[in-house]
Amino acid sequence: MSAGTRTQLQPVGIAGVSLGQAERPVGAEEAPALAPNAQLSCIGRSAPRINGHAKVTGSATYTVDVTLPGMLHARILRSPHPHARILSLDTGAAEREPGVRAVHVIEHPIGRAIEIAGPGEAGPARRQLRYVGDPIAAVAAVTAHAAQAALERIRIEYQPLPFVIDIEAARQSDAPPVFDRPVRTEVFGGPAAQLPQHGNVHGPDTSASRGDAAAALSAAEILIEGEFHTQVQTHCCLEPHALLADWRDEGLTVYMSTQFTAGIRAELATALGLPLSRVRVVVDAMGGGFGSKSRIGNDVLAAVALSRKAHAPVRLVLDRHEEQIDSGNRPATVQHIRAGARRDGTLTAVAIEAYGTAGVALGAGVGNFAQSIYDCPNFSLAQSDVFIHAGPGCAMRAPGNVPGAFAYEQIIDELAERLALDPLELRERIDSSPVRREERRIGAERFRWSRRLAPGGGQGALKRGLGMAQSHWPALVHTNCACEVRILRDGSVEVRSSVQDIGTGVGTVLAQVVAEELGLSPGDIVVRIGDTDFPAGPPSYGSRTTASLTPPARNAACLALRKLIAAIAPTLGTTPEGLTLRNGRISSSDGLHSIGFREAAGRLRTEQIGAVASRCDDYGGFGHRMGDFAFARNGLGGVQFAEVTVDTETGRVRVERVLAVHDCGRPINPRQIESQVHGGILQGISYALFEQRILDAPTGHMLNPNLEQYRILRSRETPAIEVHVLENYQGTSATDAYGIAEPSIIATAPAIANAVYNAIGVRVRTLPMTPAVILEALGRLPHRS
Amino acid sequence: MPHNTAPHASRCTQGVTGATVGPGAAAIRLEVNGIVRALAVLPSETLAEVLRERLALTGTKIACDRGACSSCTVWVDGAPVCSCMVLAIEVDGHRVTSIEGLAGEALHPVQSAFIEHDAIQCGFCTPGLVMSCVALLESHPHPTEEEVKAAIGGHLCRCGTYPHVIAAVLDVARKGKRSP
Ligand code: FES
Ligand code: FES
C-alpha cells in the first residue's frame, strides 16, 4: 500500500448495544469508513446466492463434471496391508493392458509425517506402506474401468510387517514403530522446532504453557479433573477429491476440487520445478472440502505425472471408499485435564495432558481453545502425536478446537456445579469477552435458560436436559490476497480473484461489497473467481476468506471508481476533486455536474478501467503473523445452547433444539451466514452423536468406509435451530468482516454433552455419545434402580 | 419401483469376446427429459453413468455410487430413484426425468424457493434434493415438517442445508405453488 496514512473514524461496538466510533490509522489508499449495516443497501442484506440458479438447475460445473478432449481416466493402486514393505513391484503387465496409456509408481508419498534421513542416508531403499489405502501406483487408461483392470495386473510382492492401530497400544515402548526414524516437526504445514520422538510418540509440545500450573494446582481451593476421549471423524465431502491434470509444453493446467487454488498452484510449482506463471489451477463449483482439499496430495501429483507421461489430460476422481480411508480425517484425541480455581470461580491453574492420533501424520493437537478462552495465569499444555498405522489426518473444520472445546467446556460446567453456580454465572466471572457476554445474555433469554432443572431432575424414562457451551476461534487473515475490480465501457463491472467458492457463497459476498461501493446492486456485478489467472485470493479454510478478501475487493472498487472519475472529469469540463458517486450518479458537490454511472463508463477512452488492491494489515495491526497469515487482535466467539432428550432405556440421545448466538465482525450476507452456522451445528451434532471411523483390529481395515455404516446426521435428526448473529464492529479493515464457518461448530458437541449431563446427571466424556456410551454412563449412577 | 419390473434380462447380448467378458452392449430406447434416446449400453452401466457420461447430463451427481446418499436422484416414470442403483438396461422403454428436465423457461417453484431460502451451500446434493422435494409435493401438496424430513431422509447433505430445505418446501406448500 502507499506510504501515507491518515486517521478516520470507524464504527466500533455491537449494534444495538454499544455502537460508537473510534479513530483508526488507515493507509492513504484505503476506502473511507463504511457505515454500519443499517445505513447500507447491499452489505448486511441477504442477497441471493449468485450461483444459486446454476446449482438448483444442475448446470453448475463441478470438477467431476469437467471433460477435455482426449481425456484419460486414472485409478490408484492402494496398500491392502496396514504395514508392509514392498519387496518387488512390476508394472510391465499393467502397461501392456489394452487401453492403458501410462503407469506411475509413487516413490515418495506426501501428505504424512516425513522421516528425517540420517547422515549419509539416501532414505530407505524400499517403499514402506504404512496404512491400508496407502497409495502405491496409478494407471491412466482410456476408461476408468480399463485403468481399474490394469491395477490388478501390477505385480507386487509384499512383506507384511507388524502393525498397531490402537492409540493406547501404539504408545507402548514395544509397539511396532510406524516410523523408524524421527519425523520432521511441522505446525500448520510448515517446519517448527524439532520435538522429541520415542517410539510412536512425537512430542510433547509444551510451547503454549505459561506460569507455573503444577504449583498453582497444588495450592488450588477447588480442583476439577477429567479424562476425555474423542474419535476419528472423516470429512465426507459430497463431491469426492477430483482433478483433471493437463500437462502441456507451455504449462500445466489443473482443474481441481480445491479449497485454495493459489496455494495448489504454489505447491505444484515447487514440487515440479515450474515457474508460478506456468501453472494454472481452476475450480468452478466445488462440492465441499471442510479442510480436506487444502493441499496437494499423492492423487494430484500422480495425475500430473500421468498426464505428462501420456501427453493427454488425466482425470482422477476418488471413489467413496478411497475418500473414507485416504482423504484426511479429524484426529482422535485423549485429554486429561486438571483445573484449579478459587471459591469465587476464578481459574488459577489449568494443566492439560493430551495425546491424539492423526494416523501416519502429525497434527492431532487440541487447538488453542483452553489456552485462550478464559483468563488463567498458570496454564500448561503438553500434547503429543501418537502414530498408528492408519490414514493421515488433516485439518477439519476448526481443527483442535472441536475436541478441545468438548473437553474444556465440560470441565468448566463441572466447576460451576461444584461451586453451585449457574454455568452462565461462572462464565460471567471468568470470561472477559464483552462480545460473548452479550451473546450469553441474548441466548439465555431466547432459549429460556431459566427453565433448566437440576441435573437428572426430570421424571420418567425420557429425560430432558439443557446445556450450553462457548466457542472461541482466532480471527485469521490471509495477507497474500488480492482482488481486481474492472469497470467496462458499457457500465458492466467485474470482480476477479482466484478465490474459490467452497459452498459458503464468497462470490455473492464479493458482489455485495463491490455493488455497495459502486452504487449498483449485487446482480449487476459479474464475479469471476476460482482461477489462478486472476489475482491470487485467499484459501477457503481457517474461516479467513471473507476477512481476507472483502477489504481489498472494496478498496479495488473504490480505486476503480476514482480512476473512472479521473478519466471522465475532463469530459464534464471539470476536475475530479469535487466529484463523488451518490445515488448512482457521479456528481460535483456544487451540483453543476452530474452523470449516471453507466453513461460515465461510456465516456472511457478504452474498453475498461480497473484496479487491483491487496489485503493490508488490520487497522492498528495484527496480534501476530506467520508468513502469509495473520491473527487479528480479537478472536471470534459464539455461544450455543442445546436441548436434548435422553431415553434412559435405550440410551438414545435426541437433540431437540439448538440456539446459536455468534459474531463475525460485520455480517455481510445474513442468510448465507445462517446457512453456514446450520452446517457447523449439524456437523457438530453428527460428531457428538454418530460419526466414528471404525478400524478392524485384526486387519487394520476400516469397517465402515462408506456413507451408510459411517453414520452421519440426516434430516430426521435435524433439530429446530435458531441463529442470531451480532453486528460486532471493530474498525479493523475496509469491511470489518470476519469468518463464521469454524466458530459455528466448536460449541456444539460440548453444549450437547452439558445438556446430556443435565438430563441424566452423569458425565459423558467419550465421543460419539452412542446409545452404548450413554447406557454405560447410566450404569455408573449409584442410585439407578 | 418401475425399474424392478423392466425386462432387462432379454436385452443382454453375447459379448464379442465371448463368455469370459459377459454380455456386450445392448440397445435400449428410453425417454430422457422428453427426448427419446436410442443407446447401446453395457449391462454394467448404471443410469447415473449413462446420464452423466453419455448424455452429458451432469446435473445428476454421484457421491457414493451405492445407494447411500441420494445425490443421484432422478425420476423414473415420475417416481424418485437413486440412479446409481438402476442399471441403464432396466430403464429400457421407461421415462426418465433428471434435474435438467425439471424447469422450463422459468424455474420450478421448488427451485426458486431453494434460492430464496438459501437451501444451498456447496450444492452437490442440491439436484437430488430438488428432485425428491418436487416429487413429494406432487404426491403430497401440503406435507407436514415431519413428512418433508421423511421424504428427504435418504439424502445426505454434508453442508447441513436441511433446515433451509425444509423451510423452502414448506413455503412452496404454503403458497400453494405446484408444478408450473
Ligand atoms: S450416488 Fe447414488 S445414492 Fe449416492
Ligand atoms: S449443500 Fe453441500 S452437500 Fe448439501
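Predicted, not measured: the structure shown is a model, and the values here were computed from it.

(A) Highlighting the overall build of chain B. Broken down by element type, chain B carries 5 helices and 7 strands. What you see in chain B, going N to C, is helices and strands ordered as β-β-β-β-α-β-β-β-α-α-α-α. Here chain B holds 180 residues, and 59% of them are scored as buried.

(B) Quick look at the sheet that holds strand E35 (residues 728-729) of chain A. Residue and element names in this part refer to chain A. Strands sit in the order E2-E1-E35 across an open sheet of 3 strands; the sheet is antiparallel. Only two strands of the sheet have a single neighbouring strand rather than two, namely strand E2 (20-27) and E35. Note: strand E1 (residues 5-14) against E35, 2 bridges, orientation antiparallel. Within E35, the residue paired with Ile 14 across the bridge is Asn 728.

(C) The nonpolar core, seen in detail. Counting residues in hydrophobic clusters, the biggest one holds 138 residues, and the most contacted among them are Tyr 408, Ile 752, Val 756 and Met 769 of chain A together with Phe 114 of chain B. With 9 residues, the single largest contributor to this core is helix H10 (residues 401-418) of chain A. The residues that make up this core include at least three from each of domain 1 (13-101) and domain 2 (109-175) of chain B. Among the nonpolar cores identified, the runner-up in size contains 47 residues, and Val 493, Leu 520, Ala 557 and Ala 560 of chain A belong to it.

(D) Highlighting helix H13 (residues 506-518) of chain A. Taking 1.5 Å per residue, 13 residues should reach 18 Å; H13 of chain A reaches 18 Å between its end C-alpha atoms and fits that length. Of the residues one or two after H13 of chain A, Gly 519 of chain A is the one with positive phi, at around 70°.

(E) Here's a closer look at the sheet that holds strand E33 (residues 653-663) of chain A. Residues and elements named next belong to chain A. Taking strand neighbours across the sheet as the criterion, the 4 strands line up as E21-E32-E33-E34 in an open arrangement whose pairing is mixed. Both edges of this open sheet fall to strand E21 (462-470) and strand E34 (720-726), since each of them pairs with a single strand only. Sheet twist, expressed as the average angle between the axes of neighbouring strands with direction ignored, equals 10°. Sheet topology note: the E21/strand E32 (residues 639-647) ladder contains 9 bridges and is antiparallel. Within E32, the position partnered with Leu 466 by the bridge is Glu 643. The strands touched by helix H12 (residues 434-447) within the sheet are E21, E32, E33 and E34, with E33 carrying the most contacts at an inclination of about 140°.

(F) The arrangement of the pattern of salt bridges in detail. Residues and elements named next belong to chain A. Applying the stated criterion across every chain yields a total of 51 salt bridges over all chains. A salt bridge links Arg 75 to Glu 322, with the nearest nitrogen and oxygen atoms 3.0 Å apart. Residue Arg 75 is found in strand E3 (residues 72-78), and its partner Glu 322 is found in helix H8 (residues 320-326); the two are separated by 247 residues along the sequence. Taking the relative accessible area as the measure of exposure, Glu 322 reaches 4% and is therefore buried. Between Arg 765 and Glu 414 there is a salt bridge, with its nearest N and O atoms 3.1 Å apart. Of this pair, Arg 765 sits in the loop between helix H18 (748-760) and helix H19 (771-779) while Glu 414 is found in helix H10, placing the two residues 351 residues apart along the sequence. Among the ionic contacts, a cluster of salt bridges with common partners joins Arg 75, Arg 78, Asp 319, Glu 322 and Asp 326.

(G) Representation of the pairing of strand E16 (residues 279-282) of chain A within the structure. All names here are of chain A. Inspection of the sheet shows strand E15 (residues 251-256) paired to E16 by 4 bridges, in the parallel sense. When the bridges of E16 are listed, Leu 252 appears paired with Val 279. Regarding the hand of the β-α-β motif, the stretch spanning E15, helix H6 (residues 261-272) and E16 is right-handed.

(H) Quick peek at the environment of Ser 498 of chain A. Residues and elements named next belong to chain A. Among the structural elements, Ser 498 can be located in the loop between strand E24 (493-496) and H13. Here Ser 498 falls in the buried class, since its relative accessible area comes to 1%. Here the alpha-carbon distance between Ser 498 and Phe 534, two residues 36 residues apart in the chain, equals 5.1 Å. The contact partners of Ser 498, leaving out residues within four places of it in the chain, are Thr 261, Ala 262, Gly 530, Asp 531, Thr 532, Phe 534, Pro 535, Ala 536 and Gly 537.

(I) Main features of the interface of chain B and chain A. The interface is formed by 43 residues belonging to chain B together with 50 residues belonging to chain A. Carbon and sulfur atoms make up 57% of the surface buried where chain B meets chain A, a total of about 3700 Å² over both sides. A salt bridge links Arg 52 of chain B to Asp 65 of chain A, with the shortest nitrogen-to-oxygen separation between them at 2.9 Å. Scanning the region where chain B abuts chain A turns up 26 residue pairs in polar contact (both at pLDDT 80 or more). When contributions to the side of chain B that touches chain A are tallied by element, the ones reaching two or more residues are helix H1 (47-54), helix H2 (109-116), helix H3 (126-139), helix H4 (145-151) and helix H5 (162-175) of chain B. At 4 residues, the largest contribution of residues to the side of chain B that touches chain A is made by H2 of chain B. The residue makeup of the side of chain B that touches chain A, split by class, is 21 nonpolar, 13 polar and 9 charged.

(J) Expanded view of the packing of aromatic side chains. All names here are of chain A. Scanning the entire structure with this criterion turns up 9 aromatic pairs over all chains. Centroid distance Phe 260 to Tyr 541: 5.8 Å. Interplanar angle 90°. Geometry classified as edge-to-face. Placement of Phe 260 in the loop between E15 and H6 and of Tyr 541 in the loop between strand E25 (525-528) and helix H14 (545-568) is noted, with a sequence separation of 281 residues between them. Given the relative accessible area of 10%, Phe 260 is considered buried. Tyr 541 sits in the partly exposed class, given a relative accessible area of 26%. When the centroid spacing of 5.8 Å and the interplanar angle of 40° are considered together, the rings of Phe 629 and Phe 631 count as tilted. By the ring-pair criterion, three or more aromatic residues cluster together here, those being Phe 369, Tyr 374 and Tyr 408. Positioned over the ring face of Tyr 355 is Arg 171, at 3.6 Å from the centre of the ring. The side chain of Arg 763 reaches across the aromatic face of Tyr 757, ending 4.2 Å from its centre.

(K) Representation of unusual backbone geometry within the structure. Residues and elements named next belong to chain A. Residues Gly 203 and Pro 204 are joined by a peptide bond in cis, for which omega reads 5°. Note on placement: Pro 204 falls in strand E12 (residues 201-205). Not every positive phi belongs to a glycine, and Cys 236 is a case in point at roughly 55°. Assignment of secondary structure puts Cys 236 in the loop between strand E13 (222-230) and strand E14 (242-248).

Rules and cut-offs
Residues numbered from 1 in each chain as written. Chains lettered and ligands numbered in written order. Predicted model: local features only at pLDDT ≥ 70, side-chain atom pairs only at ≥ 80, totals over all residues. Heavy atoms only, no water. Helix = DSSP H or I, 4+ residues; strand = E, 2+ residues; numbered from the N terminus. Buried < 20%, exposed > 50% of the residue type's maximum accessible area, 1.4 Å probe, protein only. Pairing = 2+ DSSP bridges. Core = buried A, V, L, I, M, F, W, Y, C linked by side-chain atoms within 4.5 Å. Domains from an automatic or database assignment. Expected span 1.5 Å × (residues − 1). Axes fitted to C-alpha atoms, helices over the stretch in contact; angles between N-to-C directions. Contact = heavy atoms within 4.5 Å. Salt bridge = Lys/Arg side-chain N within 4 Å of Asp/Glu carboxyl O. Right-handed = clockwise from strand over helix to strand, strands pointing away. Buried area = accessible area lost by both parts, 1.4 Å probe. Polar contact = N/O pair within 3.5 Å; in protein donor to acceptor, adjacent residues only side chain to side chain. Nonpolar A, V, L, I, M, F, W, Y, C, P; charged D, E, K, R; others polar. Phe/Tyr/Trp six-rings, centres within 6.5 Å; stacked < 30°, edge-to-face > 60°. Lys NZ or Arg CZ within 6 Å of the ring centre and 35° of its normal.

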